[in-house]
Amino acid sequence: MPKTVARGSRPRVLAACALAIIGVAFAGCGPAAEHGKQGARAAAAPPPRAAMAPILAHSPFAIATGPDGRLWFTEYQAPYVGRMTPEGEVKSFRIAENGFAERITAGPDGALWFSEPSGNRIGRITVEGHVSYAKLPEPGCGPAGITAGRGYVYFSEHSAARIGRLSPAGKLTEFALAAGSGPGAIAVAPDGSVYFAQDEANSIGKLSTTGKITVYPIPTPDSVPGGLAVDAGGDVFFTELRAAKIGKLTPDGKMTEFELPLKDPPLSIAAGLDGNLWVTAPRGHVVYRLTPSGQVSIFGGAKSGISPTFITPGPDGNLYFTEPAGLIGRITTAGKIREFLLSK
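Please read all numbers here as calculations on a predicted model, not as lab measurements. (Residues numbered from 1 in each chain as written. Predicted model: local features only at pLDDT ≥ 70, side-chain atom pairs only at ≥ 80, totals over all residues. Heavy atoms only, no water.)

Draft legend 1. Main features of the sheet that holds strand β12 (residues 143-149). Read from one edge to the other, the open sheet built from four strands follows the order β12-β13-β14-β15, with strand pairing classed as antiparallel. Of all the strands in the sheet, just β12 and β15 (172-176) have a single pairing partner and so form its edges. Here the average twist between neighbouring strands, direction ignored, is 20°. Relative to strand β14 (residues 162-166), strand β13 (residues 152-157) runs antiparallel, the two being bridged by five bridges. Counted as the bridge partner of Tyr154 is Arg165 from β14. (Pairing = 2+ DSSP bridges. Helix = DSSP H or I, 4+ residues; strand = E, 2+ residues; numbered from the N terminus. Axes fitted to C-alpha atoms, helices over the stretch in contact; angles between N-to-C directions.)

This is the structure we're talking about:
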């Protein structure tokens, strides 16, 4: 039986969000070493707890739905990428020695791709667990957010102020942004445009399919845009970490901001299959459901004890989110929450 997780002081989740770095020229690592009890079922976490838990060594961080219909997640401070079915079956794969995967996305080639700041490279893991890497040419470029669209993997280079485009074959193209703009979260729109949050420039950037860069300033000063998602209609939604707002940018460049009921910083955002936006607020222990017009519903709260960080739409229509204390939460579109404790 897995141990009950003790709840302690709140970790600095927002600081952890500023990580990310990746690479090009595949050096295959062969099959990833598997870690822990393979094929194990994650146990349902014990009922409501109180304060937020500390970040544990093998806690899930970023999360994405893979092409195999399973949830794939990176591990905070550990060289593993994990996999969980919607039913709770868990498997973990070791990546390169001393590697630390950050953000993760389903790629255009049936594999998962992840950013790895410490190795200044982009990683690729197949659904069978084979790992390879693409080393980035400039040391310390700071790859951060990662996404895929129209046959490519796109990622932001936070320190180098560039957007990278990588083909599955390893061809890299980079697009320069304004120095010091700090691109982070990134997503591809249905029309092929690439949108990205610029936390240091307080703006949302757009890379067109022809390579043109357009910048849209955020009305609220020093809002610090964090998470970013594009819905099926092409509207871009993003979290404002310092302003406790959600921003909306339409394809024609119109920007709107929505106030959140709680003043805790919203962190991650995902476009749900139900047509709504789903937002995490770790310090408030809540998940928000936001309609495209800005109507907000709140799920969770302090008594629930949840500490949601990154969130993604799941293969079953529910939303899944990571928690620092070795948990993955599932929330239905009606707001019912269940947590899975990942036993190692």
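Draft legend 2. Layout of the sheet that holds strand β25 (residues 277-281). On the basis of which strands lie adjacent, the open sheet formed by four strands has the order β24-β25-β26-β27 and antiparallel pairing. The sheet terminates laterally at β24 (269-271) and β27 (296-300), the two strands that pair on one side only. Averaged over all adjacent pairs, the angle separating strand axes in this sheet is 20°, with direction ignored. Here β24 pairs with β25 via three bridges, running antiparallel. In the sheet register, Ala271 faces β25, and the bridge partner there is Leu277.

Draft legend 3. Fine view of the confidence of the model for the chain. Looking at the chain as a whole, the pLDDT averages 86, with 83% of positions reaching at least 70. Predicted confidence for residues 1-29 stays below pLDDT 50, and this span has 110 contacts to residues more than four positions away or in other chains. Predicted confidence for residues 45-52 stays below pLDDT 50, and this span has 33 contacts to residues more than four positions away or in other chains. (pLDDT = per-residue confidence, 0-100. Contact = heavy atoms within 4.5 Å.)

Draft legend 4. Main features of the packing of aromatic side chains. Under the defined criterion, the tally for this structure stands at six aromatic pairs. Relative to Tyr133, the ring of Phe114 lies with its centre 5.9 Å away and its plane at 90°, an arrangement referred to as edge-to-face. Taken as a pair, Phe114 in strand β9 (residues 112-116) and Tyr133 in strand β11 (residues 130-135) lie far apart in primary sequence, 19 residues in all. The burial state of Phe114 is the same as that of Tyr133; both residues are buried. Geometrically, the ring pair formed by Trp278 and Phe299 is stacked, given 6.0 Å between the ring centres and 20° between the ring planes. On the criterion of sequence distance, the pair formed by Trp278 in strand β25 and Phe299 in strand β27 is long-range, its members being 21 residues apart. In this pair, the class of Trp278 matches that of Phe299, namely buried. (Phe/Tyr/Trp six-rings, centres within 6.5 Å; stacked < 30°, edge-to-face > 60°. Buried < 20%, exposed > 50% of the residue type's maximum accessible area, 1.4 Å probe, protein only.)

Draft legend 5. Highlighting the layout of surface pockets. By volume, the largest pocket amounts to about 1,200 Å³. In terms of lining residues, the largest pocket is bounded by 48 residues, among which Ile146, Ile186, Ala187, Leu228 and Ile269 are the most central. The set of elements that each furnish at least two residues to the lining of the largest pocket consists of β4 (59-65), β8 (104-106), β12, β16 (183-188), β20 (225-230), β24 and β28 (311-313). It is β20 that provides the largest number of residues to the lining of the largest pocket, a total of six residues. In terms of residue class, the lining of the largest pocket is made up of 34 nonpolar, eleven polar and three charged. (1 Å grid on protein atoms, 1.4 Å probe; cavity = no way out; pocket = protein on both sides within 12 Å on 5 of 7 lines; lining within 4 Å. Points joined across faces, edges and corners; volume = space filled by probe spheres on them. Nonpolar A, V, L, I, M, F, W, Y, C, P; charged D, E, K, R; others polar.)

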